[in-house]
Amino acid sequence: MLYFFNFSNQPGNKFKELRVYPYTDVGPFILQNPDAFKFTSTELNERANAYGTKIFAQITMGLGRNYPNLPAPSLVHVYRHSGEVSPELTRDQIKSKIESVVKASKIAKDSGFSGIEVHSIHWGYLLDQFALSMMNHRTDEYGGSLENRLRAAKEILVGIKQECGSDFPVSMRLGLKTFVKDFEKASLTGENEAGRTLEEGIAIARLLESYGYDCLNVDTGLYDSFYYACPPMYMPKGYMVDLAEKAKAAVKIPIMAGGRMNDADIAEAAIRDGKIDAVVLGRAALADPEYPNKVLTGHTERIRPCIACNQGCITRLQQGKQPTCGSIQQRCVKFGMSCTPL
Ligand SMILES: Cc1cc2nc3c(=O)[nH]c(=O)nc-3n(C[C@H](O)[C@H](O)[C@H](O)COP(=O)(O)O)c2cc1C
Ligand code: SF4
């Protein structure tokens, strides 16, 4: 993960790049070198805090069948690897992964992070695979009923609260609806849902609240329905807001929502109308890291918009390259060339 800090008030130091890599293919990176993580992320947090900004560390349990050779809750087809099946996690391996997320969370807290976001019951990553009946065929306490399929998410929360304190905030990234008809068959209209219906998404939101999660960061889609996970320009701006509103009506904890919130008027209206509690900016923040400041200062017309082309960011990531934004000026920042902010 890459963070840009704007130090334009400090001569000769316009942008400083700090890097913190939050995970590897198999689980939290933090545990592989806690000291290095602490060293870089303490500075990151101190600098962010000086601007009145708080950062949550997002910590993953793993990626599971989204990639080959990684263990999953059950023997399921590996995404885009025809004929390959992911190995099944043993009970002991599940316990050990939960413990890793908890340990990593404590290190993150000690490194100055203001909270944790558990990654994630979204995009079909490992914790999502536990939660989805189409991917979880276990017969032990981690499979079967919805509560069993959420057991790992619950145990992670209980562990973090024990290690980090009950007042240390914990969020969950939650996909409210998967939009798939089958493995690798997206359902553009959302009909014939084979994964998670909105009703089940809302039931999960309620259960997560009852376990003690402090807020939910909601979106949609799996790798198998990427159109809904990382929506291209054909998707309406703010398409998530109406779904998120339904989750908000079902729980008392705050609901944050992202997904093409690259129009400040739509984003502002979603909060003003009480549909969501906070706006999540993904690619929009890559395209213009100054988006929030431009809203704050009333210059929304100067926001450099994310056009949802998916070229510079997610495509580069999928090619194993550092994600950036196809927007020229942002590339200038990335490669250290001169940059004139809009
Ligand atoms: C390059 C890239 C990396 C991402 N990495 C993560 C991640 O680590 N965790 C996560 O929850 N979402 C991740 N996302 C998804 C975004 O959080 C967001 O849900 C998605 O981009 C749609 O929202 P947007 O229209 O605001 O970009 C990533 C998206 C992109 C483009
Ligand atoms: S490359 Fe830039 S403009 Fe295109 S989707 Fe990614 S962030 Fe948005």
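Heads up: the structure comes first, above all this text.
Residues numbered from 1 in each chain as written. Chains lettered and ligands numbered in written order. Predicted model: local features only at pLDDT ≥ 70, side-chain atom pairs only at ≥ 80, totals over all residues.

### As for the site of ligand 1
Taken together, 19 residues are adjacent to ligand 1, and Gly282, Arg283, Cys313, Ile314 and Pro323 come closest. Those elements giving two or more residues to the shell around ligand 1 turn out to be β4 (115-121), α10 (283-287) and α12 (311-318). In terms of residue count, α12 provides more of the shell around ligand 1 than any other element does, three residues in total. (Near = placed C-beta within 6 Å. Helix = DSSP H or I, 4+ residues; strand = E, 2+ residues; numbered from the N terminus.)

### As for the pairing of strand β8 (residues 215-219)
When you tally the buried positions in β8, you get five out of five residues, the bulk of the element. Where burial is concerned, the two faces of β8 agree: the one with Cys215, Asn217 and Asp219 and the one with Leu216 and Val218 are both buried. (Buried ≥ 20, exposed ≤ 12 C-beta atoms within 10 Å, placed from the backbone.)

### Here's the deal with the environment of cysteine 230
Checked against the element boundaries, cysteine 230 lands in the loop between α7 (226-229) and α8 (241-250). The buried category is assigned to cysteine 230, around which 22 C-beta atoms lie within 10 Å. In the structure, cysteine 230 is positioned 10 residues away from threonine 220 in sequence and 8.9 Å away in space, judged by C-alpha atoms. Here cysteine 230 is in contact with Asn310 and Ile314, once residues within four sequence places are set aside. (Contact = placed C-beta atoms within 7 Å.)

### Some remarks on the nonpolar core
With 75 residues, the main nonpolar core has Leu127, Ala152, Ala153, Ile156, Leu174, Leu216 and Ala244 as its most contacted residues. Considering every element that reaches this core, the biggest residue donor is helix α2 (residues 91-110), with seven residues. Alanine 244 has contacts with Val218, Ile255, Ala257, Lys275 and Ile276, leaving out every residue within four places of it along the chain. (Core = buried A, V, L, I, M, F, W, Y, C linked by C-beta atoms within 7 Å.)

### Section: the environment of leucine 216
Counting through the fold element by element, leucine 216 comes out in strand β8. Overall, the presence of 26 C-beta atoms within 10 Å leaves leucine 216 in the buried class. Between the alpha carbons of leucine 216 and alanine 257 there is a distance of 8.3 Å; along the sequence they are 41 residues apart. Ignoring sequence-local partners within four residues, the contact set of leucine 216 consists of Ser171, Met172, Leu174, Ala205, Leu208, Ala247, Ile253 and Ile255.

### Remarks on the packing of helix α6 (residues 198-211) against α8
Across the interface, α6 lies against α8 with an axial gap of 9 Å and an inter-helix angle of 40 degrees. Taken together, α6 and α8 sit at an angle that is classed as oblique. Our pair here, α6 against α8, has a crossing hand that is right-handed. Residues Leu198, Gly201, Ile202, Ala205 and Arg206 of α6 touch α8, and the partners they reach there are Leu243, Lys246, Ala247 and Ala250. Partitioned by chemical class, the residues of the contact of α6 with α8 number six nonpolar, one polar and two charged. (Axes fitted to C-alpha atoms, helices over the stretch in contact; angles between N-to-C directions. Parallel < 35°, antiparallel > 145°, perpendicular 65-115°, else oblique. Left-handed = near helix turned anticlockwise from the far one by under 90°. Nonpolar A, V, L, I, M, F, W, Y, C, P; charged D, E, K, R; others polar.)

### Some thoughts on the site of ligand 2
Close to ligand 2 lie 14 residues, the nearest being Arg283, Cys306, Gly312, Cys313 and Cys325. At the level of elements, α10 and α12 are the ones that each hand at least two residues to the shell around ligand 2. When grouped by side-chain class, the residues that make up the shell around ligand 2 number eight nonpolar, five polar and one charged.

### Some words on the sheet that holds strand β5 (residues 170-175)
Ordered in space as β3-β4-β5-β8-β9-β10, the six strands form an open sheet in which the pairing is parallel. Strands with a single pairing partner mark the edges of an open sheet, and in this sheet they are β3 (56-60) and β10 (278-280). With strand direction ignored, the average angle separating the axes of adjacent strands in the sheet is 25 degrees. In this structure, β4 lies alongside β5, joined through four bridges in parallel fashion. What sits directly across from isoleucine 121, in β5, is leucine 174. Contacts from α2 reach β3 and β4 within the one sheet, and its direction differs from that of β3 by about 160 degrees. (Pairing = 2+ DSSP bridges.)

### Notes on unusual backbone geometry
Of note, the bond from histidine 119 into serine 120 is cis; its omega dihedral lies within 30 degrees of zero at -10 degrees. Its location among the elements puts serine 120 in strand β4. One non-glycine residue, glutamate 184, lies in the positive phi region at around 55 degrees. Relative to the helices and strands, glutamate 184 resides in the loop between β6 (180-182) and β7 (185-186). Phi at asparagine 192 takes a positive value of approximately 50 degrees, unusual for a residue other than glycine. Looking at the element boundaries, asparagine 192 is found in the loop between β7 and α6. Asparagine 192 sits in the exposed class, given 10 other C-beta atoms within 10 Å.

### Quick word on helix α5 (residues 151-164)
Along its 14 residues, α5 runs 20 Å from first to last C-alpha, staying within 8% of the 20 Å computed at 1.5 Å per residue. Looking at α5, one finds that the buried residues are Arg151, Ala152, Ala153, Ile156, Leu157, Ile160, Lys161 and Cys164. Where α5 is buried, its residues contact α2, β4, α3 (126-131), α4 (146-149), β5 and α6. Looking at the residues trailing α5, positive phi occurs at glycine 165, about 100 degrees. (Expected span 1.5 Å × (residues − 1).)

### Here's the deal with the environment of isoleucine 107
Relative to the elements of secondary structure, isoleucine 107 occurs in helix α2. We classify isoleucine 107 as buried; it has 20 C-beta atoms within 10 Å. Sequence spacing of isoleucine 107 and isoleucine 30 is 77 residues, and the spatial spacing of their C-alpha atoms is 7.5 Å. Those residues in contact with isoleucine 107, other than ones at most four positions away along the chain, are Ile30, Pro34, Phe37 and Lys38.

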